[in-house]
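Coordinate analysis (summary)
Given next are the chains, with one letter for each unit.
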Amino acid sequence: MSGQTANPTQKPILRALAGEAVWPPPMWLMRQAGRYLPEYREVRAQAGGFIALVTAPEMAAEVTLQPIRRYGMDGAILFSDILMVPWAMGQPLRFAEGEGPVLEPVRDAAAIGRLDPSVCAANAAPIMETVRLVRAALDADSPKTTLIGFAGSPFTVACYMVEGHGSRDFAAARGMAYEDPALFGKLIRTLVEASTDYLLAQAEAGAEVLMLFDSWAGLLAPSQFRRWVIEPTAALVRAIRKRQPDIPIIGFPRLAGPMLAEYAQRTGVQCCAIDTSMDLRWAASAVPEGMALQGNLDPLSLVAGGAALEAEARSILGAMRGRPFIFNLGHGIEKVTSPDNVSALVRLVRTG
Ligand code: CP3
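Residues numbered from 1 in each chain as written. Predicted model: local features only at pLDDT ≥ 70, side-chain atom pairs only at ≥ 80, totals over all residues.

With an unreviewed UniProt entry as reference, the protein chain is termed Uroporphyrinogen decarboxylase, source organism Paeniroseomonas aquatica. What UniProt states about the protein chain under its Subunit (unreviewed entry) heading is, verbatim, "Homodimer." The protein chain has a UniProt comment under Subcellular location (unreviewed entry) that states "Cytoplasm". (UniProt positions renumbered as here; feature names shortened; annotations may be inferred.)

Given below as structure tokens:
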């Protein structure tokens, strides 16, 4: 296949995103490149650190492709992180072993004013190089695999930027949103601008689909969800569509519950990714007719494997048969997952 470009209409993920009930459904897994794979741990050790790995295009492309080679996934998600946007705007970031991400928090007008969205895409140039390398490799060897670029949604990225680290409730960020909505709004607008450029640069480098991770959307009261999730996501989608009118966008408002309905109607995304807590049939009834869904296997059922995994996967397939659907997890894969359980899941989904 070298030198040929696949007809994009033949890619199962793009067909599902266009509203076709492709069956068996296409599949990929959130965090499919990661520490559960021995070949990932090997490259990660060579790179020295997580940010070093993300900003080394050859190595980042290699780990992006590992799950494609091993499992033949229909989607390849760029190996990067949602926190690379604040990093590219100059906010100091490190990933501490066993501790997760640590940022120097931005909590006042001076710190937020120093963030420059216009430098984000340029500072993220190595990530765009990864996109180009992965796209070329897929075109040559895996012409049915879709390259998925991504960013965090403004609200979820703001949570980490204000808090400075992971949290169960992100009280500092959500508190700022009530106490100083003008300042929090400025941070959100900065993120909409930076993320627009960053995602457009990924699309220009070869990403065929864009996904917005809003992992902490479900923490918000409905009024706040509308203001800080729906409105900024809609603005981001509009800005991307101005330059890339046809690129499909997947939104993942994790733990949104009943707010999913408004999210699906008002943000302009083509597809909603559904978290593990949500009943898929309910989700299908809440989103506009014909909208593709993605999800939502419990990552812990994939750790368990065997009959529990089979029952959960079959229940999802049964609920989604006849609909435009992309099989995935409801949250990222756990690092204790056996790679053999992933093989068993792929076999099961491939037989529909
Ligand atoms: O395979 C893929 O899905 C592609 C790459 C990807 C990573 N992070 C790599 C990563 C993607 C899409 C993300 C998204 C991400 N990052 C989210 C949204 C999805 C979610 O999980 O809710 C969030 C909230 C983050 C922020 C983040 N990055 C945290 C909280 C952590 C620490 C937790 C952990 O699993 O270690 C990270 C680190 C991270 N991002 C790793 C990977 C593979 C582990 C780093 C390592 O190898 O040491």
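Moving on, we get to the overall build of the protein chain. Check the secondary structure of the protein chain and you find 17 helices and 9 strands. The C-alpha atoms of the protein chain give a radius of gyration of 19 Å, which matches the 20 Å a tight globule of 352 residues would have. In terms of overall dimensions, the protein chain has a C-alpha envelope of 55 × 45 × 40 Å along the principal axes. The buried share of the protein chain, taken over its 352 residues, is 49%. Put simply, 73% of the contacts in the protein chain that link residues at least 6 apart link residues at least 24 apart. (Helix = DSSP H or I, 4+ residues; strand = E, 2+ residues; numbered from the N terminus. Rg over C-alpha atoms; globule rule 2.2 N^0.38 Å. Buried ≥ 20, exposed ≤ 12 C-beta atoms within 10 Å, placed from the backbone. Contact = placed C-beta atoms within 7 Å.)

Moving on, we get to helix H9 (residues 154-163). By the criterion of burial, H9 is predominantly enclosed, with 10 of the 10 residues buried. Restricting attention to buried positions, one finds in H9 the residues Pro154, Phe155, Thr156, Val157, Ala158, Cys159, Tyr160, Met161, Val162 and Glu163. Looking one or two places after H9, you find Gly164, whose phi comes out positive at around 95 degrees.

The next point concerns the environment of Ala111. Among the secondary structure elements, Ala111 is positioned in helix H6 (residues 109-113). Exposure remark for Ala111: the 16 C-beta atoms within 10 Å place this residue in the partly exposed category. For the pair Ala111 and Ile68, spaced 43 residues apart in the sequence, the C-alpha separation amounts to 41 Å.

A few words on the sheet that holds strand E1 (residues 75-77). Reading across from one edge, E1-E4-E5-E6-E7-E8-E9 is the order of the 7 strands in this open sheet, with parallel pairing throughout. The open sheet terminates on both sides in strands that have one partner only, identified here as E1 and strand E9 (325-329). Sheet twist, expressed as the average angle between the axes of neighbouring strands with direction ignored, equals 25 degrees. Pairing geometry for E1 and strand E4 (residues 146-152), over 3 bridges, is parallel. The partner of Ile77 across the bridge, within E4, is Ile148. Contacting E1 and E4, helix H8 (residues 125-141) crosses the sheet at an angle of about 160 degrees to E4. (Pairing = 2+ DSSP bridges. Axes fitted to C-alpha atoms, helices over the stretch in contact; angles between N-to-C directions.)

Core analysis: the biggest nonpolar cluster contains 116 residues, and Ala76, Val85, Ile148, Ala158, Met211 and Cys272 have the highest contact counts within it. Per element, the largest residue contribution to this core is 10 residues, and it comes from helix H11 (residues 181-205). With near-sequence residues (within four places) excluded, Cys272 lies in contact with Gly251, Leu260, Tyr263, Ala264, Val287, Met291 and Leu293. (Core = buried A, V, L, I, M, F, W, Y, C linked by C-beta atoms within 7 Å.)

Time to look at the pairing of strand E8 (residues 292-297). Along a regular strand, successive side chains alternate from one face of the sheet to the other. With 6 of its 6 residues buried, E8 lies for the most part within the structure. Sheet topology note: the strand E7 (residues 271-274)/E8 ladder contains 4 bridges and is parallel. When the bridges of E8 are listed, Ile274 appears paired with Gly295. The sheet contact formed by E8 and E9 spans 5 bridges and is parallel. Paired with Leu297 across the strands is Leu329, a residue of E9.

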